[in-house]
Every structure is written in C-alpha cells, then in structure tokens.
Amino acid sequence: MIDSEQLKQHMVKAVEEIRATNPMAGSITNTVTIDFVANAQLAVGGSAAMVYLPDEGEALVAGGGAIYLNMGTLFPIYEQTIPRAAKAAHDAGKPWVLDPVGLGIGSLRTQLVNELKQYKPAIVRGNASEVVSGEVDLITDGTTVAKSHGGSPLMSKITGCGCSQGGVLAVYACAADPFTAAVCGTAVYNVAGTRAAAVADAPASFKVAFIDELYRATAQDIADNRLELEEA
C-alpha cells in the first residue's frame, strides 16, 4: 500500500506535468454539462474536445492522452459512439473514465455498461446515489482506500459538478496512474469547493468562483488537501 507522502509526491508531479503540457482529454459527455466539463478541464491545465459522432470519438482517442465517457443524456447514436471510443482506448492502451450517470434508467444504459466492462475503464466516477461521494469522498483501487475531505454543499446546487469532475479525472489520467489521477481530481474539487464557498453564498456566483479556484489551485494545494489512507 502506498503511503501518504509517496502519494503526495505523485500528485504534485502529476499536477505540475498537466500544467506544463496541457494534454488533451476528449469527452463524450451529456448535453446538460458540456460547457462546464470543458471549462473545468481547461482550468486545471488540460485541453478539451467534445464530440458525439462514432468516428470522432475514435479520433479523440488517437489524438489525446485519455478520454471521458459520460452516459447522462443518451442519444441513439451513442449506442455506437460510446463502445467504439472505449474499445479504441482499450486497444491503444490509453486510460478512459466512465461516469455511468443514471444507471438503471432504461435498457440502453444497462446494455452499454455491460458492453463496456470488457474494455476496462481506468476510473469509474459516481455520485453518492451511484457509488460514494459527498461530504467525504471515497477513492479506491481495491488495495488502498483514500478519503478526501472538503468541498461545499453548494456543489450539489449547480448542475455538472460531478460530470465536470469526470472530465478532470481524465485530464489527470493523462499524466498519472488511475489511483493518483482519481485522488488528484477529487482533491482539486474539494479545494476549489471550499475556497469558492468562502467568497460566494449562492449557486451562480459559486460556480464562477469554483472554476476560478480550480485554476488557482497549485500542485501543493492539491496534495495538501486533507486525505486519509487505509487498506481496502
């Protein structure tokens, strides 16, 4: 099991590399949050590209370091787009992040998730109703459990905090192993949420402040966010 100091070193390295190289992590994400996802990816130092056509998803994989697949608003064409992008990432040995939004609503979501298992996502991100996130966020690779603290209740009052975090996880996955990337993406959200809540007390102003704080958070800020590690 990795210790906290080693993990902090890995986090600092990953965040600094992202800021220096601006890697592209493409997204096939839901229409409600496209703008938020792209802006969050840019704020943490990555590059964003949003598509929905099957061949464009494959092109994103070829040209980027990772890809984010979000199942929030499914269109019929996504029955082709999402599996083809996941397969392309798997075949290319590139990490991809899955957000199974609304899993269990309708047959297509269940069918797609079952199909995607064979392509082995590097990170699966979920809300409290789907996996575990909330006042304390849980991240695990099956060996180590990390509990990340921070954020703000206002994060639940704006659409897209979770979806945009998935895009940020994909950015960090361009420069780090999946566990480190997941911890970085969770920590930066907790740092930004805490700081944004200190200057904004309503949803619209909070969202603006939150994106600003994603941009302002340094590698050391992110690594120093309160985190507890234990064996799984």
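Before going into details, it helps to say that this report is about the structure given with it. (Residues numbered from 1 in each chain as written. Predicted model: local features only at pLDDT ≥ 70, side-chain atom pairs only at ≥ 80, totals over all residues. Heavy atoms only, no water.)

With that settled, the discussion passes to unusual backbone geometry. Of note in the backbone geometry, Asn 22 takes a positive phi value of approximately 50 degrees without being a glycine. Assignment of secondary structure puts Asn 22 in the loop between α1 (4-21) and β1 (25-28). Overall, the relative accessible area of 39% leaves Asn 22 in the partly exposed class. The phi dihedral of Lys 120 falls on the positive side, at around 50 degrees, and the residue is not glycine. Tracing the chain through its elements places Lys 120 in the loop between α5 (107-116) and β4 (123-124). (Helix = DSSP H or I, 4+ residues; strand = E, 2+ residues; numbered from the N terminus. Buried < 20%, exposed > 50% of the residue type's maximum accessible area, 1.4 Å probe, protein only.)

So, about the sheet that holds β4. In spatial order, the strands read β1-β2-β3-β4; together these four strands make up an open sheet with parallel pairing. Edge positions in the open sheet fall to β1 and β4, since each of these has one partner strand only. In this sheet, strand β2 (residues 66-70) lies alongside β1 in parallel orientation, the contact comprising four bridges. Bridge pairing links Ala 25 to Ala 66 in β2. (Pairing = 2+ DSSP bridges.)

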